[in-house]
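# What the coordinates show
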Amino acid sequence: MAMRASGVRVILAPVSSARCAGERWHASARTGRAWSARAAVKENEEAGVGAGVRVTRAPDCVLLSNDNGAYTVRGEMTLAGVDAASVYNLLTDYEASPRAFRAVKSAKVIECTGDSCVADNIYIEQECLWNFFVFGGTFPCAFEVEERDEELRMKCSLAPGLGRGSGFLRRFEGSWAVQALDDGQVTVEHVLMVQPKLTPPYASKIFVQQVEQILADVVQEIERWDAPYPKPPHRAP
């Protein structure tokens, strides 16, 4: 859905990462059983769902930095049996993120007006789920997203000026990059920077596992497809 307000082009829907990934703060203790993209594929195969996608390079998720409580994690994986444009379309189909990403409970399009709004950017409000050991709940967040369609890249950050709150997040930035390789495979990279208002125990491990699970969600969603993923509504002709 596209709208214009005070000369601003606005398309609001959920960030999956994440899509930005208020990505999930999923820190439930799955000790020794971290969910992986390979596990997602295996689960779908056992259920008899789609067999065309293969994880040819398992997700490699690493902590890049911890700068005064701001944790940056990068996750990368390589897939075969899917085209890069379809993957990018999924990651930018914000209205579909509650289906694709289990930590997104709801999402909606909102209007952005005022000097803080960027004409070509996308504004998103979503309600995210969080779990920490036996505790859990939801929190609302608003995000500003910049898409670079020709490069198959997008990035997002909190949009506190929209007055939707930021949950437990002090700072948040996320990005996706999809690249088609010469051999027909596709690389997917997700970078997540999170600075919580209160730093939980084992924070670095929590956020690495979060990115692992986000990539697993991507694989599991792709495994459901029986055709190329279409352009999201805001980019459809």
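Presented here is an overview of the structure given in this document. (Residues numbered from 1 in each chain as written. Predicted model: local features only at pLDDT ≥ 70, side-chain atom pairs only at ≥ 80, totals over all residues. Heavy atoms only, no water.)

## With respect to the overall build of the protein
- A tally of helices and strands in the protein yields four helices and 11 strands.
- Here the protein holds 237 residues, and the buried ones make up 51% of them.
- Here the protein displays about 11,000 Å² of accessible surface, and carbon together with sulfur accounts for 49% of that area. (Helix = DSSP H or I, 4+ residues; strand = E, 2+ residues; numbered from the N terminus. Buried < 20%, exposed > 50% of the residue type's maximum accessible area, 1.4 Å probe, protein only. Areas by Shrake-Rupley, 256 points an atom, 1.4 Å probe, with all protein chains shown as cover.)

## Some details on unusual backbone geometry
- Positive phi is not limited to glycine here, since Leu152 has a value of about 55°.
- Here Leu152 shows up in the loop between strand E8 (135-148) and strand E9 (153-158).
- The phi angle at Tyr202 is positive, at roughly 55°, despite the residue not being glycine.
- Residue position: Tyr202 is located in the loop between strand E11 (186-196) and helix H4 (203-222).

## Notes on the packing of helix H2 (residues 84-91) against H4
- Two elements in contact, H2 and H4, have axes whose closest approach is 11 Å; the angle formed by their N-to-C orientations is 115°. In terms of crossing hand, the pair formed by H2 and H4 is right-handed. Of the residues in H4, those in contact with Val87, Leu90 and Leu91 of H2 are Val218, Glu221 and Ile222.
- Of the residues in the contact of H2 with H4, the class split is five nonpolar, no polar and one charged. (Axes fitted to C-alpha atoms, helices over the stretch in contact; angles between N-to-C directions. Left-handed = near helix turned anticlockwise from the far one by under 90°. Contact = heavy atoms within 4.5 Å. Nonpolar A, V, L, I, M, F, W, Y, C, P; charged D, E, K, R; others polar.)

## Observations regarding the environment of Met193
- With respect to the helices and strands, the residue Met193 is situated in strand E11.
- When the C-alpha positions of Met193 and Arg74 are compared, they lie 8.8 Å apart, and in sequence the two are 119 residues distant.

## Re the side chain of Asn89
- Checked against the element boundaries, Asn89 lands in helix H2.
- Look at Asn89 and you get buried, because its relative accessible area is 8%.
- Setting aside chain neighbours within four positions, we find Asn89 in contact with Tyr229, Pro230, Lys231, Pro232 and Arg235.

## So, the nonpolar core
- Counting residues in each nonpolar core, the largest one holds 50 residues, and the members touching the most others are Leu79, Leu169, Phe172, Trp176, Val178, Val218 and Ile222.
- For this core, the leading source of residues is H4, giving 10 residues. (Core = buried A, V, L, I, M, F, W, Y, C linked by side-chain atoms within 4.5 Å.)

## Some details on the pairing of strand E10 (residues 169-180)
- Of the pairings in the sheet, the one linking E9 to E10 comprises five bridges and is antiparallel in character. Residue pairing in the sheet places Cys156 in a bridge with Gly174 of E10.
- In this sheet, E11 lies alongside E10 in antiparallel orientation, the contact comprising 11 bridges. What sits directly across from Arg171, in E11, is Gln195.
- Once E10 ends, the chain turns through five residues before running back antiparallel as E11, passing Gly184 with a positive phi of about 90°. (Pairing = 2+ DSSP bridges.)

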